[in-house]
Amino acid sequence: MKVLIVYTHPNHSSLSYAFLQQIIQGCTENKNVEEIQVLDLYEEDFDPVLVFHKTKRRRDMHLDPTLEKYREQIRWADKLVFVYPIWWLRPPAMLLGYIDQLFASDFAYRDNGGLLPEGLLKGKSVVCISTMKGPTLYPFFFYRNVHKVLMKRALFQYVGIKKVKFFEFGNMESPKGKHDRKSINIYNYFKFMYH
């Protein structure tokens, strides 16, 4: 199994970064993991701004040469792991900009004239690891699970990825947030996971 980790947090002293280290450690010790790549969008200075106009058409985004190395990472990976905070009930703009540009027509999906497109990323799986300041169940009870609906149904299922697992950790700015236990859970999941 080949694992691509897309890390999206500007602070390397954050809990998200600590989780990233646990993911890498767990994958390194997992006999099912053949290779790992880490894409740190802030360190990469990824440009999240989606631009298209008369000479740069959105329909041609799957051919944009500046994005080819990122498309190749997605093609290469069996499992995509996204690590990010939840801000305003959704991932950071940096990650959404990556999604806007990489999960493009004729790369991630193809319109075929039907009600839904053909997903072109079938066979891959996804893990989303997110942190938030508020309680873990806050988005579920008050906002109809908007984060999971966005990521699983509106994005990943649309492009053909059916296997999506979530780790949503709330109360992360509280000293009672059980950070150590959550870190161990992340480490154990990646140490013993299979595709």
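Whatever comes next refers back to the structure up there.
Remember, it's a predicted structure, so these values are computed and weren't measured experimentally.

S.K.: With reference to specific residues and values, describe the overall build of the protein.
M.R.: Helix and strand content of the protein: six helices and seven strands. Along the chain direction, N to C, the helices and strands of the protein fall in the order β-α-β-α-β-α-β-β-β-α-α-β-α. Sequence-distant contacts, at least 24 apart, represent 77% of the contacts inside the protein between residues at least 6 apart. Summed over its atoms, the accessible surface of the protein is roughly 10900 Å², and 53% of this surface lies on carbon and sulfur atoms.

S.K.: I'd like to hear about the layout of surface pockets, residue by residue, with values.
M.R.: The calculated volume of the second largest pocket comes to roughly 220 Å³. What lines the second largest pocket is a set of 13 residues, among which R58, F103, A104, S105 and Y109 lie closest to the centre. Residue assignment for the lining of the second largest pocket shows that the elements contributing at least two residues are α3 (93-102) and α5 (146-156). Class assignment of the residues belonging to the lining of the second largest pocket gives a composition of nine nonpolar, one polar and three charged.

S.K.: So what about the packing of helix α1 (residues 15-28) against helix α6 (residues 179-192)? Which residues, and what values?
M.R.: Here α1 crosses α6 at 30°, and the two axes come no closer than 7 Å. As summarised for this structure, α1 and α6 are arranged roughly parallel, according to the angle between their axes. Both α1 and α6 take part in a crossing whose hand is right-handed. The residues of α6 that touch α1, namely those facing L15, F19, Q22, I23, Q25, G26 and C27, are H179, K182, S183, I186, Y187, F190 and K191. Residues belonging to the contact of α1 with α6 are distributed by class as follows: seven nonpolar, five polar and two charged.

S.K.: So what's going on with the packing of aromatic side chains? Which residues, and what values?
M.R.: Scanning the entire structure with this criterion turns up 10 aromatic pairs. Considering the side-chain rings of F46 and Y70, the 5.2 Å spacing of their centres and the 85° angle between planes classify their relative orientation as edge-to-face. Here F46, found in the loop between β2 (35-40) and α2 (68-76), pairs with Y70, found in helix α2; they are 24 residues apart in sequence, far enough to count as distant. Looking at F46, the relative accessible area reads 4%, which means it is buried. Both rings, one in F167 and one in F169, keep their centres 6.1 Å apart while their planes meet at 35°; by these two values the pair is tilted. F169 carries the same exposure label as F167, and that label is buried.

S.K.: Mind laying out the side chain of Q101, listing which residues take part and the relevant values?
M.R.: Examined against the element boundaries, Q101 turns out to sit in helix α3. For Q101, a relative accessible area of 10% corresponds to the buried category. Among the polar contacts made by the side chain of Q101, one reaches the main-chain carbonyl oxygen of D47 at a distance of 2.9 Å. With residues near it in sequence (within four places) discarded, Q101 still touches F46, D47, P48, V49, L50, M61 and L67.

Quick notes on the rules
Here the residue numbering is sequential within each chain, running from 1 through the sequence in written order. Totals for whole chains, interfaces and linings use all residues, but because this is a predicted model, local features are given only for residues with pLDDT of at least 70 and pairs of side-chain atoms are given and counted only at 80 or more. Hydrogens and water molecules were not included; the side-chain quantities draw on all heavy atoms of the structure. The helix and strand labels rest on DSSP assignments: H or I over at least four residues marks a helix, E over at least two residues marks a strand, and numbering proceeds from the N terminus. Throughout, a contact is declared for two residues whenever any of their heavy atoms are within 4.5 Å. Each accessible area is a Shrake-Rupley result for a 1.4 Å probe, and residues are judged covered by the shown protein chains and nothing else. A pocket here means an open set of points on a 1 Å grid, computed over the protein atoms alone, that has protein on both sides within 12 Å along at least five of seven lines. A cavity is instead a set of points where a 1.4 Å probe fits but cannot get out; residues with an atom within 4 Å of a point line either one. Grid points are joined across faces, edges and corners, and a volume is the space filled by probe spheres set on the points. The residue classification treats Ala, Val, Leu, Ile, Met, Phe, Trp, Tyr, Cys and Pro as nonpolar and Asp, Glu, Lys and Arg as charged. All others, Gly included, are polar. Axis lines are fitted through C-alpha atoms, for helices just across the contact stretch, and the angle between N-to-C directions can take any value from 0 to 180 degrees. Should an angle fall under 35 degrees it is called roughly parallel, over 145 degrees roughly antiparallel, and 65 to 115 degrees roughly perpendicular, with every other angle called oblique. Note on convention: the crossing is left-handed when the near helix lies turned anticlockwise from the far helix by less than a right angle, right-handed when the turn is clockwise. We call Phe, Tyr and Trp rings a pair once their centres come within 6.5 Å, taking the six-membered ring for Trp, and we label the pair stacked below 30 degrees between planes, edge-to-face above 60, and tilted otherwise. A simple rule labels every residue: compare its accessible area, found with a 1.4 Å probe on the protein chains alone, to the largest value its type can have, and call it buried under 20%, exposed over 50%, or partly exposed in between. Throughout this description, a polar contact denotes any pair of N or O atoms lying within 3.5 Å of each other; where both atoms belong to protein, one of them has to be capable of donating a hydrogen while the other can accept it, and for residues adjacent in sequence the pair is counted only when both atoms sit in side chains.

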